[in-house]
Amino acid sequence: MSPSSIIQNIPCTLVTGFLGCGKTTVINQLLSTKPNNERWALLINEFGRIGIDGALLASSQTAGDTHNNIAIREVSGGCICCTSQLPLQIAISRLLSEHRPQRLIIEPTGLAHPRELLRQLSEPHWQTALSMQAVITVLSGVQWQQEKYRSHDGFQAHVRDADVLVINRYEQLSATYRQDLQQWIAALNKQAKIIWAMADSQTAPDFQTTSDSKITADSSDFIQLSNTYLSELTAQLTKPSNAISKQRTANMTESRVSLTPANSLMSSASINTNNDIETSSSTSELPYRYHDEQQGMLLAGWRLPPHWVFNANDLQQWLLQLPNWQRIKGIVNTSDGWLQLNFTPDSLTINETSAQIDSRLEIILLAGSYNKSDNKSDNKNEAVTTVKRTKVELNNEHQSSIEWERCDRELMALVIPSNNQK
């Protein structure tokens, strides 16, 4: 290997945050600042087995030069922090070798363990290939207001291991609550820098006020504040990570066996680490559905033929009536055209998108939140297409408190009969 082909010191930024906090929005903001002549790469860890986040990010980009030269790769099938280091190493190594980016952004799943991921990225074999920049953690003000999030160890873990906290969805917080939020953060991580996010629909905060009244700004002030926010956010891409440095020091006190260096991990692996999920042997035939239970969450996903057209209004109503849902993502062919869905408990986003090779839905529910009595009697569309199920699902059937077969039937009932499709 010639010296010029060796991959060294690629700036790498980790963007973390709890499930549904708004990481995708912040990543899109970062991508919007990419210089035209640079190649960037984005590695997304999907908690479920069906890749959707990559498509959501890709479809949100415009056709302008600013968004060219961005390689997006997904690692599906579970949290890379909860498995061995091999999936993470292979995914990063392939991105670096195949695309040779000038900057790498990693988005772990919202249920990831940040400390474990920091430990993995602090291993000696990454210290020459990657130059770890500030760990950016997204924190939702709406989530923080709820005790179930504030007291959740996973929610707090993201704050503890952050270099920078980007706080969004805070516009409804009074000045007093914002001060309480900053004190809560300081109790967990007093070194973390706080950046108050700006978005197109947000009002500008006045950090000097002591009143509890809602604060607004005129358009010129808002544009200036938005530009200031983006500049401050982008500056974090070139600031070394204190969190990583601390973790490297901690790693030196442990007796660990280093794995194979990154540049030699080019062999094939039995995991799916790209957007071409349709090539996976376990999902090669449609329709396909999986369900799983991890970390107190129930997960399910569907991949369906592209010619199946769903009633858009009925599909949205069905999804929103699912019990105690925490996240809903999808790209679906509907009566309103192809739509991308991105739902969190405090944000519902539906956008038009181009035709896809299949329809995809993925949902995350709190475990134990669904009982047989939650559903009305199912007396329609009994003769529906059978969705293929994996052996693992059959073996773990007892773990779930939700009737997935009933969900299949209800979902299939939303498909518009072909003779009625336009």
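Residues numbered from 1 in each chain as written. Predicted model: local features only at pLDDT ≥ 70, side-chain atom pairs only at ≥ 80, totals over all residues. Heavy atoms only, no water.

Quick look at the overall build of the protein chain
Thinking step 1. A tally of helices and strands in the protein chain yields 13 helices and 14 strands.
Thinking step 2. If you sum the accessible surface of the protein chain, you get close to 19,400 Å²; carbon and sulfur atoms cover 48% of it. (Helix = DSSP H or I, 4+ residues; strand = E, 2+ residues; numbered from the N terminus. Areas by Shrake-Rupley, 256 points an atom, 1.4 Å probe, with all protein chains shown as cover.)

Focus: the confidence of the model for the protein chain
Thinking step 1. Residues with a pLDDT of 70 or more make up 68% of the protein chain, whose mean pLDDT is 75.
Thinking step 2. Here residues 200–217 scores under 50 on pLDDT; set against residues more than four positions off or in separate chains, the count is 32 contacts.
Thinking step 3. In this model, residues 254–284 is a region of pLDDT below 50 whose contacts with residues beyond four sequence positions or in other chains number 57 contacts. (pLDDT = per-residue confidence, 0-100. Contact = heavy atoms within 4.5 Å.)

With respect to the sheet that holds strand β10 (residues 297–304)
Thinking step 1. Ordered by their spatial adjacency, 6 strands build an open sheet running β9-β10-β14-β11-β12-β13, and the pairing between neighbours is antiparallel. Only two strands of the sheet have a single neighbouring strand rather than two, namely β9 (288–294) and β13 (347–352). Here the average twist between neighbouring strands, direction ignored, is 10°.
Thinking step 2. Judged from the 6 bridges that link them, strand β12 (residues 337–344) and β13 form a sheet pairing that is antiparallel. (Pairing = 2+ DSSP bridges. Axes fitted to C-alpha atoms, helices over the stretch in contact; angles between N-to-C directions.)

Thoughts on the packing of aromatic side chains
Thinking step 1. Overall, the coordinates contain 8 aromatic pairs when judged by the stated rule.
Thinking step 2. A ring pair is formed by F18 and F155, whose centres lie 5.7 Å apart and whose planes are at 75°; its orientation type is edge-to-face. Taken together, the positions of F18 in the loop between β1 (10–17) and α1 (23–31) and F155 in helix α7 (residues 153–160) put the pair 137 residues apart, joining distant regions of the chain.
Thinking step 3. Seen in terms of ring centroids, Y170 and W196 are 5.0 Å apart; in terms of plane orientation they differ by 75°. Their pairing is edge-to-face. Placement of the pair is Y170 in the loop between β7 (164–168) and α8 (175–188) and W196 in strand β8 (residues 193–196), with a sequence separation of 26 residues.
Thinking step 4. Look at W196 and you get buried, because its relative accessible area is 12%. (Phe/Tyr/Trp six-rings, centres within 6.5 Å; stacked < 30°, edge-to-face > 60°. Buried < 20%, exposed > 50% of the residue type's maximum accessible area, 1.4 Å probe, protein only.)

Here we look at helix α11 (residues 312–320)
Thinking step 1. Among all positions in α11, only A312, L315, W318 and L319 are buried. When α11 is viewed along its axis, its buried side chains cluster within an angular range of 130° and face the same direction.
Thinking step 2. Against the buried residues of α11 lie β10, β11 (325–334), β12, β14 (359–366) and α13 (404–412). (Arc of directions from axis to C-beta.)

With respect to the packing of α7 against α8
Thinking step 1. One way to put it is that α7 packs onto α8 with a least axis distance of 9 Å and a crossing angle of 80°. With respect to their mutual orientation, α7 and α8 come out roughly perpendicular. Seen from α7, the contacting residues are F155, Q156, V159 and R160; seen from α8, they are W184, I185 and L188.
Thinking step 2. Class assignment for the residues of the contact of α7 with α8 results in 5 nonpolar, 1 polar and 1 charged. (Parallel < 35°, antiparallel > 145°, perpendicular 65-115°, else oblique. Nonpolar A, V, L, I, M, F, W, Y, C, P; charged D, E, K, R; others polar.)

Considerations on the pattern of salt bridges
Thinking step 1. Under the criterion given, the structure shown has 12 salt bridges.
Thinking step 2. With a closest N to O distance of 2.4 Å, D358 and R303 form a salt bridge. Taken together, the positions of D358 in the loop between β13 and β14 and R303 in strand β10 put the pair 55 residues apart, joining distant regions of the chain. R303 carries the same exposure label as D358, and that label is buried. (Salt bridge = Lys/Arg side-chain N within 4 Å of Asp/Glu carboxyl O.)

Structural notes on the environment of P417
Thinking step 1. In this fold, P417 is placed in the segment after α13.
Thinking step 2. Residues P417 and F310, 107 residues apart in the sequence, show an inter-C-alpha distance of 9.2 Å.

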